[in-house]
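Structure at a glance
Residues per chain, in single letters:
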Amino acid sequence: MKDKIFGILQRIGRSFMLPIAILPVAGLLLGIGSSFTNETTIATYGLQKILGDETVLHALLTIMNKVGSAVFDNLPLIFAVGVAIGMAKKEKEVAALSALIAYFVMNVAINGMLVVTGEITADGQIAKDVLEGTIASVCGIQSLQMGVFGGIIVGLGVAALHNPPRFHKIALPNALSFFGGSRFVPIISTIVYMFVGIGMYFVWPPVQNGIYALGGLVTGSGYAGTFDFWYY
């Protein structure tokens, strides 16, 4: 039993490596692009002729900055797909597509709950009584700010639905046989993650409040709080 649990944890750890591998490159692009397009830096070192506005290098560095930002802005989606690929045993492309669909479905379901409860108004504005930072735009969808954690939930869940003996090899009646096998995985993922999104509307806010409270405790404790955070 212990070996089985350890093996699962190893697979989960390895599945994180795929999305993590892109972070150093994205970080370099973002760091170099933002540093050398900073007006203060350019003025300090007298680089207006080389890196100033309307120069070729400035345009290239601006693009590098935006490319790096694109990776970090969409990190939850990247983790959703990457973890699903890493955890899938067979037909990883099906797991990847299912994770992509499930991620959007989950956030749309959360958005629906926020609209129904009045936290997002009919014109798409966030209600005034909503705590700042709890709702964010996720791939153009106003949803709860779950960060990478939301992507990991999707990746692990879709892999669990995909891998045998789950729905990867399901056999349906002849009339519905087209939707059987691997084609059924995106279908069941859509249904499951609609309900997961509804559930996360209730589950995530207490978790988010706990994270905020912990952050407030660390920052309010001065050097002792910083040491405890680093130590643990």
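Residues numbered from 1 in each chain as written. Predicted model: local features only at pLDDT ≥ 70, side-chain atom pairs only at ≥ 80, totals over all residues. Heavy atoms only, no water.

**Quick word on the overall build of the protein**
Here is the rule we go by: Under the scheme used here, helices are H or I runs from DSSP no shorter than 4 residues and strands are E runs no shorter than 2 residues, and both carry numbers assigned from the N terminus. Computation of the radius of gyration draws on C-alpha atoms, with the globule rule given as 2.2 Å multiplied by the number of residues to the power 0.38. Exposure is judged per residue with a 1.4 Å probe applied to protein chains only, and the accessible area is read against the type maximum: over 50% gives exposed, under 20% gives buried, and values in between give partly exposed. Only heavy atoms matter for contacts: two residues are in contact if any of them lie within 4.5 Å across the pair. Areas reported here follow the Shrake-Rupley algorithm with a probe of radius 1.4 Å; residue values treat only the protein chains shown as occluding. In summary, the charge assignment counts Lys and Arg as positive and Asp and Glu as negative, without counting His or the chain termini. Each charge is placed at NZ for Lys, CZ for Arg, CG for Asp and CD for Glu.
Of the regular secondary structure elements, the protein holds 10 helices and two strands. Along the protein, from the amino end to the carboxyl end, the secondary structure elements read α-α-α-α-α-α-α-β-β-α-α-α. For a compact globule of 232 residues, the expected C-alpha radius of gyration is about 17 Å, and the protein comes in at 22 Å, more than 25% above that figure. For the protein, the spread of C-alpha atoms along the three principal axes comes to 75 × 45 × 40 Å. For the protein, the proportion of its 232 residues judged to be buried stands at 34%. Contacts spanning at least 24 positions in sequence make up 67% of the contacts within the protein whose residues lie at least 6 apart. In the structure as shown, the protein presents an accessible area of about 14,100 Å², 69% of it carried by carbon and sulfur atoms. Once the 13 positive and 12 negative side-chain charges of the protein are each reduced to a mean point, those two points are 20 Å apart.

**Describing the side chain of Ser 189**
Inspection of the secondary structure assignment puts Ser 189 in helix H9 (residues 184–220). Setting aside residues up to four positions removed in sequence, Ser 189 forms contacts with Ser 98, Ala 102, Val 158 and Leu 161.

**Here's the deal with the pairing of strand E1 (residues 135–138)**
Put simply, the test is: When DSSP finds at least two bridges between two strands, those strands are taken to pair.
For E1 and strand E2 (residues 141–144), the ladder comprises four bridges, and the chain directions are antiparallel. For Ile 135, the partnering residue across the bridge sits in E2 and is Leu 144. Between E1 and the antiparallel strand that follows it, E2, lie two residues; Cys 139 among them carries a positive phi value of about 55°.

**Re helix H6 (residues 75–87)**
In plain terms, the rule: By this rule the span expected of a helix is its residue count minus one, scaled by 1.5 Å.
With 13 residues, H6 should reach 18 Å at 1.5 Å per residue; the first-to-last C-alpha distance of 18 Å fits that figure. Restricting attention to buried positions, one finds in H6 the residues Leu 75, Pro 76, Leu 77, Phe 79, Ala 80, Val 81, Gly 82, Val 83, Ala 84 and Met 87.

**Some words on the nonpolar core**
Here is the rule: Only buried residues count toward a nonpolar core. Its members are Ala, Val, Leu, Ile, Met, Phe, Trp, Tyr and Cys residues joined through side-chain atoms within 4.5 Å.
Formed by 29 residues in total, the largest nonpolar core has its most connected members in Ile 110, Leu 114, Leu 144, Met 146, Val 154 and Tyr 193. Contributions of two or more residues to this core are made by H6, helix H7 (92–116), E1, helix H8 (148–162) and H9. For this core, the element with the highest residue contribution is H7, accounting for 10 residues. With residues near it in sequence (within four places) discarded, Met 146 still touches Met 106, Asn 107, Ile 110, Met 200 and Trp 204. Core analysis: the second largest hydrophobic core is formed by seven residues, Ile 12, Leu 75, Val 83 and Ala 159 among them.

**Notes on the packing of H7 against H8**
Let me state the cut-off plainly: Geometry is summarised by axes, namely lines fitted to C-alpha atoms with helices restricted to the contacting stretch, and by angles between N-to-C directions that run from 0 to 180 degrees. Throughout this description, any angle smaller than 35 degrees is read as roughly parallel, any larger than 145 degrees as roughly antiparallel, any in the 65 to 115 degree range as roughly perpendicular, and the remainder as oblique. Note on convention: the crossing is left-handed when the near helix lies turned anticlockwise from the far helix by less than a right angle, right-handed when the turn is clockwise.
For the pair H7 and H8, interaxial distance at closest approach is 9 Å and the crossing angle is 130°. In this view, H7 runs oblique relative to H8, as classed from their interaxial angle. Crossing of H7 against H8: the hand is right-handed. Here Val 94, Ala 95, Ser 98, Ala 99, Ala 102, Tyr 103 and Met 106 of H7 lie close against H8, whose contacting residues are Gly 150, Gly 151, Val 154, Val 158 and His 162.

**As for the confidence of the model for the protein**
Stated formally: The quantity called pLDDT is the predictor's confidence in a given residue, expressed from 0 to 100.
Model confidence for the protein is summarised by a mean pLDDT of 86, while 93% of its residues fall at 70 or above. Per-element averaging of pLDDT across the protein places helix H10 (residues 222–231) at the bottom with 56 and H7 at the top with 95.

**Observations concerning unusual backbone geometry**
Notably, Glu 91 is not glycine yet its phi reads approximately 45°, a positive angle. Relative to the helices and strands, Glu 91 resides in the loop between H6 and H7. For Glu 91, a relative accessible area of 31% corresponds to the partly exposed category. Despite not being glycine, Cys 139 shows a phi value in the positive range, around 55°. Turning to its location among the elements, Cys 139 is positioned in the loop between E1 and E2.

**Observations concerning the environment of Tyr 201**
As a reminder, the rule being used: Residues adjacent in sequence count toward polar contacts only when both atoms are side-chain atoms; beyond that, a polar contact is any pair of N or O atoms within 3.5 Å, and within protein one must be able to donate a hydrogen and the other to accept it.
Along the polypeptide, Tyr 201 turns up in helix H9. Sequence separation of Tyr 201 and Gly 112 is 89 residues, and the distance between their C-alpha atoms is 9.7 Å. In this structure, Tyr 201 is in contact with Met 113, Leu 114, Thr 117, Glu 119 and Leu 144, ignoring residues within four places of it in sequence. For Tyr 201, the side chain forms a polar contact with the side chain of Thr 117, separated by 3.0 Å.

**Some words on the packing of H6 against H8**
What counts is decided by this rule: As a working rule, the residues Ala, Val, Leu, Ile, Met, Phe, Trp, Tyr, Cys and Pro are called nonpolar, Asp, Glu, Lys and Arg charged, and the rest polar, with Gly in that last group.
Their axes nearest at 7 Å, the elements H6 and H8 cross at an angle of 25°. Considering the angle they form, H6 stands roughly parallel to H8. When you trace H6 past H8, the crossing you get is right-handed. Seen from H6, the contacting residues are Leu 75, Pro 76, Phe 79, Ala 80, Val 83, Ala 84 and Met 87; seen from H8, they are Val 148, Gly 151, Ile 152, Val 154, Gly 155, Leu 156 and Ala 159. Residues belonging to the contact of H6 with H8 are distributed by class as follows: 12 nonpolar, two polar and no charged.

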